[in-house]
Amino acid sequence: MQKTALNPYAHLPRAHRNRHVLTSTVDVFGVAHWLLAERAPKPGGDVLPFDALVVSVHPGGTVELTELCAVRARWPHLDRLPDGGFVVAASRVRRHEDANQVQVFDTLGHETLSFSVGDAIEHLLVDEAGHIWVGHFDENPAGIRRWSATGRLAWTSDGARIPGLFDCYALNVSSTAAWACPYTDFPLVEIRPDRTEPVRVWSNRIGGAKAVAVHGNRVTFYGGYREEQDRLAHGQLTETSVEPTGVGLLTLSNGSAPGRRRVVSRGSRIYVQAEPFTAWGLFDLSS
């Protein structure tokens, strides 16, 4: 089986590796961000608000630091807004904290507002216009929704006729559009809320993927169940379906398997970050 190695993309500077990585992401403009705390959260109990540091590494290598004041999320999701601020969201809603689940911070790191998008966040990705896309896992049947940066629900998958939408396994957000591959039927779904027909669906036989990349009429799914967690499954879009064209394996740049990893899908790109979560690698379907 053909192996494809990730290209090195961005590294957390060594000066900041003494802190605990709470989470990390790559935004819609290709900037990598790490959310760092002085120490890891302790198992059990509540988390008091704490200050955190966002380390941002731009594609050209420039490093930017932003101190966030009074972060509340134990297991956070992070992304950057087009105005330079940040969104931090707790993946789970705890008792009495529903209204405070999502924190929006300005460029100085001060919280400007908070709101809720619902429990069980699997993916949280911001597009170029500042919309916040949220995909939920199976403990919340809300599916896929798009919010404004002020907490207004702007689009929902309710009534969108997406077959088997029970758990948003893969979500790709670029420009102002999204692509998804949800459990249980694993269709490939294109979502463009500003169109007259906002949702287009292709049937798909490739199941279990955790990330998806799309370029023209080509698509690649990354991940799968058990021994297929490193699988790269390639396909071609027809009018109604994804037709498989080949299968390979995605490795780290040194040829080894990633092990525990985070993944972010952006257009034709899939970013992969392996433990200890200090470096991002890149697979680009367009290259």
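Residues numbered from 1 in each chain as written. Predicted model: local features only at pLDDT ≥ 70, side-chain atom pairs only at ≥ 80, totals over all residues. Heavy atoms only, no water.

(A) Representation of the nonpolar core. Residues Trp34, Trp133, Ile144, Leu171 and Ile191 are the most contacted members of the largest nonpolar core, which totals 29 residues. For this core, the secondary structure elements donating two or more residues are β3 (20–26), β4 (32–37), β5 (50–57), β15 (167–174), β16 (177–183), β17 (188–191) and β25 (279–284). Membership of the second largest hydrophobic core comes to 16 residues, among which are Cys181, Ala209, Val212 and Leu237. (Core = buried A, V, L, I, M, F, W, Y, C linked by side-chain atoms within 4.5 Å. Buried < 20%, exposed > 50% of the residue type's maximum accessible area, 1.4 Å probe, protein only. Helix = DSSP H or I, 4+ residues; strand = E, 2+ residues; numbered from the N terminus.)

(B) Up close: the sheet that holds strand β20 (residues 218–222). One open sheet accounts for 5 strands, arranged β1-β22-β21-β20-β19; its pairing is mixed. For this open sheet the edge positions go to β1 (3–5) and β19 (211–215), each flanked by a neighbour on one side alone. When the angles between neighbouring strand axes are averaged without regard to direction, this sheet yields 30°. Judged from the 5 bridges that link them, β20 and strand β21 (residues 231–237) form a sheet pairing that is antiparallel. The residue bridging Arg218 from the neighbouring strand is Gln236, located in β21. (Pairing = 2+ DSSP bridges. Axes fitted to C-alpha atoms, helices over the stretch in contact; angles between N-to-C directions.)

(C) Here's a closer look at the packing of aromatic side chains. Counted by the stated rule, this structure contains 11 aromatic pairs. An angle of 45° between the planes, with centres 6.4 Å apart, marks the rings of Trp133 and Trp155 as tilted. With a gap of 22 residues between them, Trp133 in strand β12 (residues 132–136) and Trp155 in strand β14 (residues 153–156) connect regions that are remote in the sequence. Site record: aromatic cluster; members linked through ring pairs are Phe166, Tyr169, Tyr183, Phe186 and Tyr225. The aromatic ring of Tyr169 is capped on one face by Lys210, whose charged end is 4.0 Å from the ring centroid. One residue, Arg262, lies across the ring of Phe277, its end atom 4.2 Å from the ring centre. (Phe/Tyr/Trp six-rings, centres within 6.5 Å; stacked < 30°, edge-to-face > 60°. Lys NZ or Arg CZ within 6 Å of the ring centre and 35° of its normal.)

(D) Summary view of the pairing of strand β9 (residues 102–105). Here β9 shows two buried faces, one formed by Val102 and Val104 and the other by Gln103 and Phe105. Looking at chain direction, strand β8 (residues 86–90) and β9 are connected through 4 bridges and run antiparallel. The partner of Val88 across the bridge, within β9, is Gln103. Across 4 bridges, the pairing between β9 and strand β10 (residues 111–115) is antiparallel. Bridging across to β10, Gln103 finds its partner in Ser114. A loop of 5 residues connects β9 with β10, the two strands running antiparallel in sequence, and Gly109 in this loop sits at a positive phi of about 90°.

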